[in-house]
Amino acid sequence: MTVVDEIRRLHVIQGEYKVSSDPHVVISTLLGSCVSACIFDSVARVGGMNHFLLPGDLDRRSDRERERFGAHLMEVLINALMKAGARRERLQAKLFGGARVVQGLSDIGSKNADFAERYLVYEGIVVAARDLGGERGRRVHFTP
């Protein structure tokens, strides 16, 4: 069996997150205006990815609606990472997405990207890399 045969893919869709410490796992998603944060602890060797559709505004939403929002997905991803052995002070993030894929409509991609960056600054999590904005979607493959 080759290394390629051993790799297991976890797909993340809108409103989801996945966490893994398995070295044979690749977490992937497809993004347009949505944003994914790939957050990891390189010492604990655990990482995860979320995929959110809208930045925030949790107060007026039902529990089911909250799953699409960045504020909810950032929080649950960070909590799941710490439960899996990550330490908050070692967390680093990579941000992807936030494209303006349909011209003439509200630029929700820019709002998502701005939210993700502000959230991580507020939480004290270093952004190690980013690929945000533009006019094209992205396919992201993250090896935690």
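Look up: the structure comes first, before these words.
A brief report on the enclosed structure follows. Computed from a predicted model, the values in this text were never measured in an experiment.

## Some remarks on the nonpolar core
So, step 1. Formed by 21 residues in total, the largest nonpolar core has its most connected members in Ile39, Phe52, Met74, Leu81, Leu91 and Leu120.
So, step 2. For this core, the secondary-structure elements that each account for two or more residues are β4 (35-41), α3 (70-83), β6 (92-97) and α4 (108-123).
So, step 3. Among the elements that make up this core, the one with the highest residue count is α3 (six residues).
So, step 4. If we ignore the near neighbours within four places in the chain, the residues touching leucine 120 are Ile39, Met74, Ala93, Leu95, Ile125 and Val127.
So, step 5. By size, the runner-up hydrophobic cluster in this structure holds 13 residues, among which are Val12, Phe40, Leu53 and Phe96.

## Some points on α4
So, step 1. Spanning 16 residues, α4 covers 22 Å between terminal C-alpha atoms, matching the ideal 22 Å at 1.5 Å per step.
So, step 2. Next to the buried residues of α4 lie β4, α3, β6 and β7 (126-132).
So, step 3. Just beyond α4, the residue with positive phi is glycine 124, at close to 75°.

About the cut-offs
- Residues numbered from 1 in each chain as written.
- Predicted model: local features only at pLDDT ≥ 70, side-chain atom pairs only at ≥ 80, totals over all residues.
- Heavy atoms only, no water.
- Core = buried A, V, L, I, M, F, W, Y, C linked by side-chain atoms within 4.5 Å.
- Buried < 20%, exposed > 50% of the residue type's maximum accessible area, 1.4 Å probe, protein only.
- Helix = DSSP H or I, 4+ residues; strand = E, 2+ residues; numbered from the N terminus.
- Contact = heavy atoms within 4.5 Å.
- Expected span 1.5 Å × (residues − 1).

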